Amino acid sequence: MTRALILGGIADASLLAAEIARAGIDAVYSYGGRTRVPADQPLPTRIGGFGGVSGLVDYIRREAITHVIDATHPFAAEMSRNAVEACANTGTPLIALERAPWTSVPGDKWIETEDVNAAAATLPEAPAHVFLAIGRQHIAPFAAKTQHAYTLRFVDPPEAPLPFTADVLVSRGPFTLDGELAMMRARGINWIVARNSGGDGARAKIDAARRLGLPVIMISRPTLPKRLRVESVVEVMQWLDHGDRLGA
């Protein structure tokens, strides 16, 4: 009998959960716990970490998990690496549902950097209005450049003081092009820092930056171990049905 574990984090993970529930497949949806009020799922849900590789190994064995689907955020590198190692240790099939990264098109003014520290160093020395669209876990390096007026956007209000003064918008995507244009114009944004998370839900800020001619410091995705990877819910469902016969 199939019993799947979905490591959630992206919007497509919720779509996958709905498809798995409709198909009557036994599954558990796992949230990392970073969002205080996560979206409801049509599957049994657990919240919180596993305790590293050994904890995930124990969970897979204790819960008789037969398939693991890594649908975490593309920048949740530690969880993805743990999943690869835990599945290797337990002999559990693993697939990654990972949306394609964005690619620049004519009109984009991207400055690509390898990580958040490099992104902070790339900001100009002259004061600017900066939209940091990178999540609250990654903002600390920007405390080195407090001359800038920062705008942050979080799903939840921050629980702890920020390392620098900033305006915080509390909102959950997806976001629209018109909405992003209005926000950037109202706040006088002239630099954007973003992670290359891909997908449509967060793309509007990239399209708005192109429309306004703004530079975007684009943080590249972390390097992850080799694993079976697909880009659609349909392919994951085919994998659950056909196992190793799915090529990727």
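The structure we're discussing is the one just above.
Described in the following lines is the structure provided in the data block. (Residues numbered from 1 in each chain as written. Predicted model: local features only at pLDDT ≥ 70, side-chain atom pairs only at ≥ 80, totals over all residues. Heavy atoms only, no water.)

Moving on to the pairing of strand E10 (residues 191–195). Of all 5 residues in E10, 5 are buried; the element is thus mostly enclosed. Across 4 bridges, the pairing between strand E7 (residues 129–133) and E10 is parallel. If you follow Phe131 over to E10, its bridge partner there is Ile192. When E10 meets strand E11 (residues 215–219), the two strands line up parallel, connected through 4 bridges. Residue pairing in the sheet places Val193 in a bridge with Ile217 of E11. In this view, the connection linking E10 to its parallel neighbour E11 by way of helix H6 (residues 204–212) has right-handed handedness. (Buried < 20%, exposed > 50% of the residue type's maximum accessible area, 1.4 Å probe, protein only. Helix = DSSP H or I, 4+ residues; strand = E, 2+ residues; numbered from the N terminus. Pairing = 2+ DSSP bridges. Right-handed = clockwise from strand over helix to strand, strands pointing away.)

Here we take up the side chain of Asn82. Within the secondary structure, Asn82 sits in helix H3 (residues 77–90). You can call Asn82 buried: its relative accessible area is 16%.

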